[in-house]
Amino acid sequence: MIYVTGDMHGEQEKLLAAERDTPLREGDTLIVCGDFGYIFRNDERERAFLDEVENRPYTLCFVDGNHENFPAIYAYPEEIWNGGRVHRIRKNIYHLMRGQVFQLEEKRVFTMGGAYSIDRHFRIEGVSWWPEERPCREEYDEATRNLLACGKKVDYILTHTMPLKTIRQGGWFPDPHDLELTSYLEWILYQVQYQHWYCGHFHADCDLPGKITLMWNEVMPME
Ligand SMILES: [Fe+2]
């Protein structure tokens, strides 16, 4: 079974609560839709927590959000895992890189993390903010190539932010600094066939038009 949830921001209690409330068994996967945050200060306490999670029977995956320490994540070894590129954080913890199509439990899962931090000006570059939060040209190109290679047909889409149109439909105001990514996601919305789309970033749990579910605190099976 594949479960999905929203922004964790490195809150250890939030993952422990998700584990308590969800029957995560061997072979199951829990995917966080960005702002994973358990690799942020990149200190001993965080590493000890990841070591603890490494003993769990399930697999923990995340697409990146905007509040991530990208250099620390990118320092982990890169591998191909279930058909897509990942950083292997522990033997059962993976960062699902941008623009990838994974084959998970017979389902095709497309991933595109990243977003602009609206609180960027309260943060310090290299300490609490990193410029890699927004995708670069190569990542968009790789995403498009991989979507074309599977005939623009996947089962699930996992992102941190959401299409521009959906932001407006949800009653939020699109940030002008994030138009490149949210417009790209809107292209996906129109061009790619999918069964369901899960995202995070907006810190609410709700269903949105276009078979899009915004995840925050809830943990639900992908369907
Ligand atoms: Fe967040």
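Structure: above.
Quantities reported herein were computed from a predicted structural model and do not represent experimental measurements. (Residues numbered from 1 in each chain as written. Predicted model: local features only at pLDDT ≥ 70, side-chain atom pairs only at ≥ 80, totals over all residues. Heavy atoms only, no water.)

Chemist: So what's going on with the overall build of the protein? Residues and values would help.
Modeler: On a plain count of helices and strands, the protein comes out with six helices and 13 strands. Computed over its C-alpha atoms, the radius of gyration of the protein comes to 16 Å, within 12% of the 17 Å expected for a compact globule of 223 residues. By the burial criterion, 55% of the 223 residues in the protein qualify as buried. Contacts spanning at least 24 positions in sequence make up 67% of the contacts within the protein whose residues lie at least 6 apart. Between the averaged position of the 24 positive side-chain charges in the protein and that of its 37 negative side-chain charges there is a distance of 3 Å. (Helix = DSSP H or I, 4+ residues; strand = E, 2+ residues; numbered from the N terminus. Rg over C-alpha atoms; globule rule 2.2 N^0.38 Å. Buried < 20%, exposed > 50% of the residue type's maximum accessible area, 1.4 Å probe, protein only. Contact = heavy atoms within 4.5 Å. Lys, Arg positive; Asp, Glu negative; His and termini not counted. Charge placed at Lys NZ, Arg CZ, Asp CG, Glu CD.)

Chemist: Describe the sheet that holds strand β1 (residues 2–5), listing the residues and the values that go with them.
Modeler: On the basis of which strands lie adjacent, the open sheet formed by seven strands has the order β4-β5-β6-β3-β2-β1-β13 and mixed pairing. At either end of the open sheet lies a strand with only one pairing partner, and these are β4 (78–81) and β13 (219–221). Neighbour to neighbour, the strand axes of the sheet diverge by 35° on average, direction disregarded. Here strand β3 (residues 59–63) pairs with strand β6 (residues 93–96) via four bridges, running parallel. Opposite Val-63, over in β6, you have Leu-96 as the bridge partner. (Pairing = 2+ DSSP bridges. Axes fitted to C-alpha atoms, helices over the stretch in contact; angles between N-to-C directions.)

Chemist: I'd like a description of the coordination of the iron ion, backed by residues and values.
Modeler: Protein ligation of the iron ion involves Asp-7 (OD), His-9 (NE2), Asp-35 (OD) and His-203 (NE2), the donor distances falling in the range 2.1 to 2.3 Å. Coordination at the iron ion is irregular, judged from the four donor atoms that bind it and the angles of 84 to 178° they form at the metal. In the primary structure, the donors to the iron ion are separated according to the pattern D-x1-H-x25-D-x167-H. Of this pair, Asp-35 sits in the loop between β2 (29–33) and α2 (44–53) while His-203 sits in the loop between β10 (196–199) and β11 (206–208), and the two are 168 residues apart along the sequence. The exposure class of Asp-35 is buried, given its relative accessible area of 2%. (Donors = N, O, S within 2.8 Å, 3.2 Å for Na, K, Ca; no water. Tetrahedral: all angles 85-135°; square planar, octahedral: opposite > 155°, others 65-115°.)

Chemist: If you had to explain the side chain of Arg-120 to someone new, which residues and values would you point to?
Modeler: With respect to the secondary-structure elements, Arg-120 resides in the loop between β8 (107–112) and α4 (137–149). Despite its burial, Arg-120 pairs with no opposite charge; the closest candidate is Glu-125, at 4.0 Å N-O. With sequence-adjacent residues up to four places away left out, Arg-120 is seen in contact with Glu-125 and Trp-129. (Salt bridge = Lys/Arg side-chain N within 4 Å of Asp/Glu carboxyl O.)

Chemist: Pulling in residues and values, what's your account of the pattern of salt bridges?
Modeler: Across all of its chains, the model carries 12 salt bridges by this definition. In this structure, Arg-47 and Glu-44 form a salt bridge, with 3.6 Å as the shortest nitrogen-oxygen distance. Separated by three residues within a single helix, Arg-47 and Glu-44 lie in helix α2, roughly one turn from each other. Using a relative accessible area of 29% as the deciding quantity, one classes Arg-47 as partly exposed. Taken together, the shared-partner salt bridges connect Glu-19, Glu-52 and Arg-56 into one network.

On their own, these measurements won't tell you what the molecule is for.
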